[in-house]
Amino acid sequence: MKTHILNHPLIDHKMSLLRDSKRKMPEFKMLLDEIGFLMVYEVTKDLELQDTVIETPICVSKAQKLKSHPILVTILRAGLGLLDPFMKLMPNSKVGFLGMDRDEVTLKPRSYYDKIPMQALENKVLLIDPMLATGGSALNAIDFLMGKGVKDITFICLVAAPEGIKAVHEKYPQIDIYAAALDEKLNDKGYIVPGLGDAGDRIFGTEDNENL
Ligand code: PRP
Ligand code: URA
């Protein structure tokens, strides 16, 4: 399978605005939403259709509808910031959650929550997380889903580091990765360069907070 970097002028333009460290929370979230909508359009372009018959106000007509609705699974917390456009454009999609965060020293993910719809076993799963850095969180999520018997997973992120893509594809070459941008590298703290900083902190306004 492949890595799809969504080369689109509007996505690139909005990513440049989103990455700016001066961007405040309300605008950051709005841009994330807008980029998300553009991503859904690209990510869903190969979904299968089936024939149906509809009745318009004018006549009975043949039409096409989705054969099945993909299951959305998002990685908490930052994944919530990218979930809404997917839910809005695919309101029939069931939604699952995997809670995990990275240990700041080891950079390894720690899981704290999971709730996945049963239908993930028979349907395509779109796994959503804005950042693919070391790939640890993505791999933890994929390991979990595959371990439960999920077969068809597509990983969707905003910013990917080459290290993360390599890690996912080395272990799971069958998985498609979609990213709005492919960045240069990771820094020594495991942040993507140039990146956009800590996605969860920027979405939820916890950049300069100490935890209670
Ligand atoms: C971020 C992001 C990914 C992870 C990516 O989450 O949303 O889940 O980092 O890094 P990795 O590829 O090196 O694993 P974070 O741990 O900051 O938690 P948060 O979403 O709660 O802020
Ligand atoms: N997680 C983030 O939120 N940002 C990074 O750059 C890397 C991991």
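Trainee: Help me out: how do you make sense of the overall build of the protein in this one?
Mentor: Tallying secondary structure elements over the protein gives six helices and twelve strands in all. Taking 17 Å as the expected radius of gyration for a compact globule of 212 residues, we find that the protein reaches 18 Å, a close match to that expectation. The C-alpha extent of the protein, read off along each of the three principal axes, is 60 × 40 × 35 Å. Counting all 212 residues of the protein, 44% fall into the buried class. Here the analysis covers contacts within the protein between residues at least 6 apart in sequence; of these, 62% occur between residues at least 24 apart. Only carbon and sulfur atoms are counted for the fraction: they give 54% of the accessible area of the protein, which is about 11800 Å². Here the protein contributes 26 positively and 30 negatively charged side chains, and the mean placements of these two sets differ by 2 Å.

Analysis parameters
- Every chain is numbered on its own, with residues counted from 1 as its sequence reads.
- Chain A is the first chain written and ligand 1 is the first ligand written, with later ones labelled in order.
- For this predicted model, a pLDDT threshold of at least 70 governs which residues receive local features, and a threshold of 80 or more governs which side-chain atom pairs are given and counted, while totals over whole chains, interfaces and linings are taken from all residues.
- To obtain the side-chain values, all non-hydrogen atoms of the structure were used and water was disregarded.
- Segments assigned H or I by DSSP are reported as helices when at least four residues long, segments assigned E as strands when at least two residues long, and all are numbered from the N terminus.
- Values of the radius of gyration come from C-alpha atoms, whereas the globule rule sets the reference at 2.2 Å times the count of residues to the power 0.38.
- Three exposure classes are used, based on accessible area relative to the maximum for each residue type with a 1.4 Å probe and protein chains only: buried under 20%, partly exposed in between, and exposed over 50%.
- A contact between two residues is defined here by any heavy atoms of the two lying within 4.5 Å.
- With residues, only the protein chains shown are counted as cover, and all accessible areas are computed by Shrake-Rupley using a 1.4 Å probe.
- Counted charges follow a simple rule, with Lys and Arg positive, Asp and Glu negative, and His plus the chain ends left uncounted.
- In this description, the location of a charge corresponds to atom NZ of lysine, CZ of arginine, CG of aspartate or CD of glutamate.

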